[in-house]
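Read off the chains here:
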Amino acid sequence: MKDRRRGRLTRDGIRIHEEADLDGMRRAGRLAAEILDRMIDHVVPGITTGRLDEIITSMIETAGAKSATIGYKGYRHASCISVNHVVCHGIPGDKVLKEGDILNIDVTVIVDGWYGDTSRMYVAGRPNRRAERLMQVTHDALMLGIETVRPGNTFGDIGAAIQRYVESQRMSVVRDFCGHGLGRVFHAPPNVLHYGRPGTGAVLEEGMFFTIEPMVNLGRPETKVLPDDWTAVTRDRSLSAQYEHSVGVTSDGAEIFTLSPAGRFHPTWA
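To keep things clear, this report deals only with the structure shown in the data block. (Residues numbered from 1 in each chain as written. Predicted model: local features only at pLDDT ≥ 70, side-chain atom pairs only at ≥ 80, totals over all residues. Heavy atoms only, no water.)

**Side note on the nonpolar core**
Counting residues in hydrophobic clusters, the biggest one holds 36 residues, and the most contacted among them are L52, L103 and I105. Breaking this core down by element, the ones donating at least two residues are α1 (21-39), α2 (49-62), β4 (80-83), β6 (102-111) and β7 (114-123). Ranked by residues supplied to this core, first place goes to α1 with eight residues. Apart from residues no more than four positions distant in its own chain, I105 is found in contact with L36, V43, L52, I56, S79, C80, I81, T118, S119, R120 and Y122. Among the nonpolar cores identified, the runner-up in size contains 34 residues, and V192, A202, L218 and V249 belong to it. (Core = buried A, V, L, I, M, F, W, Y, C linked by side-chain atoms within 4.5 Å. Buried < 20%, exposed > 50% of the residue type's maximum accessible area, 1.4 Å probe, protein only. Helix = DSSP H or I, 4+ residues; strand = E, 2+ residues; numbered from the N terminus. Contact = heavy atoms within 4.5 Å.)

Below, the structure written as structure tokens:
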């Protein structure tokens, strides 16, 4: 099955991209990762999340790229910034970061029509030990999920690897949000669940592009969305963390498009 974009669609509606498409995803992913690298020095106690978003907006404009989120379903910011018990889609604003706050910054840029989507955790000052362990487990869960990406495996294998590890650490995986396909569109099939059973779901094929972005809570997995219709928080107000990479399925594994050029994807590496 084909449509007007290059490549073919599987029976599940998942696009199989061509070799030439990799370069576009690499450029977009690298810019998104570079922006998040540069944000590390700005995340300090006393700064507002709105000011962080202004800095990100300026970086995107200076690079000659576009933000995928400004104008998306009425959203007005170039990032989502989720602090402490905010699971995802936190709206930048007047919130002032305090010593020990942990936060996820999520950006998606458009470079020559290709979408680069990534997020990572930051700390204002120094985290407490429980927060530090939460971030480490979440990071490691993402990487374990990516390790399962290869032709012939299934999307259920990805979710199962993440869920098995997180629950072995006595934490919980959020079920209400998931990863997604991308490429020349922001969101596309498949939904990439971060829990599940091995061997279930669509079979991975070379040329698939998608995000893996587990959200992990110190407490229970349930979330609720606040009246702003964007901000999702943990129902029990426990801390939450998230890491996200955009990846492509290769002939023998996965290529990560959003690797940190400076090797600063994790707060303790900064």
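**Remarks on the pairing of β7**
Counting buried residues along β7, 10 of its 10 residues qualify, which places the element largely inside the surrounding structure. In β7, alternate side chains face the same way, and those of W114, G116, T118, R120 and Y122 on one face and Y115, D117, S119, M121 and V123 on the other are all buried. As paired elements, β6 and β7 share 10 bridges and run antiparallel to each other. Counted as the bridge partner of I110 is Y115 from β7. What sits between β6 and β7 in their antiparallel hairpin is a turn of two residues, with D112 showing a positive phi close to 50°. (Pairing = 2+ DSSP bridges.)

Everything listed is a geometric property; what it means functionally is a separate question.
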